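An overview of the molecular structure
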Amino acid sequence: MKTIEILSRHPENPLITPDDIPGAMQVFNPSPALFNDEIILLVSVVLFDCPYGGETRVARSSDGIHFRIDDQPFINLDKNVYPYSIAHQHVIDNRVTRIGDDYFILTPVATRNFDGPCTILGKTCDFNNYEVIDIVTLPRNRGASLFPEKINNQYFKLDRPGGGKGAYGAIWLSSSPDLVHWGRYRPLLAPFAPWGGTKIGPTPPIKTKDGWLVIIHGVHTPCDGPHYRIGALLLDLNDPCKIIGQTRSYLLAPEAEYEKNGVVDNVVFPCGAIWRPEKDELMLYYGGADTCICLASGSVEEILQACRNYR
Ligand code: BMA
């Protein structure tokens, strides 16, 4: 099994490293959005003087390659306000989805003494002000990702319950009339051998003519520890419970030095991607070895073909 050769790494990778943020040990797992003429990344940052938790910063760029990074955290949960009083300070790995003029953000937030991360829904219209909305998953749930529009008059989200040490993490689907009350849970995809047998996780679906394209990560754990790779799924446009395509192999695996060696070795980790239909280009920003931020890009048409043909 080898990488499906569609995505190319940007020659300036890694685009963002801890050297770009004073006091940072890690800057990783970016969630991308197109905002006006800029590419925004919500980046996960761990500082040396806050070793037990990470924060989210906004990075902004006009060319998608060179980023300016805000010097303050973007998401500040008020620990004096119930229920956010249970939130631990680890606020990373966001998934952003634009719906209308708002950008909705799902954040898996660690909880102290409350059984692991639950997902908080918030929103912004300018990437300066963050407004918290509610907790929208029970704990042990990472990677929840919203679809960008209603389907049959309901909002949909992908979830990754389970996970954690020694556990098994599958992808589920749920729907909601208002983004806050969720139900009609449906199992979508179980972990699969050989490269996603430990756990898998979603990112926000991208609408294409052939179906909802979902970039996923898959984890395989040989004796040298977990290896994180990236693949894709294709879901039916009208009935997203139906998987109509899937890459058999992966689109990206830890092969470059900055993906193989870092704070956590052998990790390429996606939290979303930007599609430029006019150029048939997917811009996949991802974390390398939980240490830096990288870009790989390639043809969406070829990724769709790989999904349809189970390549
Ligand atoms: C996952 C998350 C990610 C991280 C990955 C690899 O469980 O914690 O933030 O990139 O593990 O360490």
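Overview of the structure. Small disclaimer: the values here were computed from a predicted structure and weren't measured.

Within the element layout of this structure, histidine 66 appears in the loop between strand 4 (55-61) and strand 5 (68-69). Residue class for histidine 66 comes out partly exposed when judged on its relative accessible area of 49%. For the pair formed by histidine 66 and isoleucine 200, sequence separation is 134 residues and the distance between their alpha carbons is 30 Å. Apart from residues no more than four positions distant in its own chain, histidine 66 is found in contact with Glu12, Arg60 and Ser61.

On the surface, a nonpolar cluster with roughly 330 Å² of combined accessible area is contributed by Met25, Phe48, Val263 and Val264. Tracing the backbone shows valine 263 in the loop between helix 1 (257-260) and strand 20 (268-276). A residue is classified by how much of its surface remains accessible, and valine 263, at 41% relative accessible area, is partly exposed.

Time to look at the pairing of strand 10 (residues 131-135). As a general feature of sheets, a regular strand has side chains that alternate between the two faces. Sheet analysis places strand 9 (residues 118-124) next to strand 10, joined by 4 bridges and oriented antiparallel. Within strand 10, the position partnered with lysine 123 by the bridge is glutamate 131. Hairpin connection from strand 9 to strand 10: 6 residues lie between these consecutive antiparallel strands, with phenylalanine 127 at a positive phi of about 60°.

Attention now moves to the layout of surface pockets. Counted as a void, the second largest pocket has a volume near 460 Å³. Lining of the second largest pocket is provided by 17 residues; of these, Arg98, Ile206, Ala273, Ile274 and Trp275 occupy positions nearest its centre. For the lining of the second largest pocket, the secondary structure elements donating two or more residues are strand 2 (24-35), strand 7 (95-99), strand 16 (206-208) and strand 20. In terms of residue count, the dominant contributor to the lining of the second largest pocket is strand 20 (5 residues). Residues of the lining of the second largest pocket, tallied by class, amount to 13 nonpolar, 2 polar and 2 charged.

Let us now look at the nonpolar core. Among the nonpolar cores identified, the biggest contains 26 residues, and Leu213, Leu251, Leu282, Leu284, Tyr286 and Ile303 are the most heavily contacted of them. Put simply, the parts of the chain that give this core at least two residues each are strand 17 (211-220), strand 18 (227-235), strand 20, strand 21 (281-288), strand 22 (292-299) and helix 2 (300-308). Residue contributions to this core peak at 5 residues, all from helix 2. Beyond its immediate chain neighbours, meaning those up to four positions away, leucine 213 contacts Pro204, Pro205, Ile206, Thr208, Ala232, Leu233, Leu234, Val300, Ile303, Leu304 and Cys307.

Definitions and cut-offs
- Residues numbered from 1 in each chain as written.
- Predicted model: local features only at pLDDT ≥ 70, side-chain atom pairs only at ≥ 80, totals over all residues.
- Heavy atoms only, no water.
- Helix = DSSP H or I, 4+ residues; strand = E, 2+ residues; numbered from the N terminus.
- Buried < 20%, exposed > 50% of the residue type's maximum accessible area, 1.4 Å probe, protein only.
- Contact = heavy atoms within 4.5 Å.
- Patch = residues over 30% accessible without salt bridge, like charges linked within 9 Å, V, L, I, M, F, W, Y side chains within 5 Å.
- Areas by Shrake-Rupley, 256 points an atom, 1.4 Å probe, with all protein chains shown as cover.
- Salt bridge = Lys/Arg side-chain N within 4 Å of Asp/Glu carboxyl O.
- Pairing = 2+ DSSP bridges.
- 1 Å grid on protein atoms, 1.4 Å probe; cavity = no way out; pocket = protein on both sides within 12 Å on 5 of 7 lines; lining within 4 Å.
- Points joined across faces, edges and corners; volume = space filled by probe spheres on them.
- Nonpolar A, V, L, I, M, F, W, Y, C, P; charged D, E, K, R; others polar.
- Core = buried A, V, L, I, M, F, W, Y, C linked by side-chain atoms within 4.5 Å.

In short, shape yes, function no, at least from these values alone.
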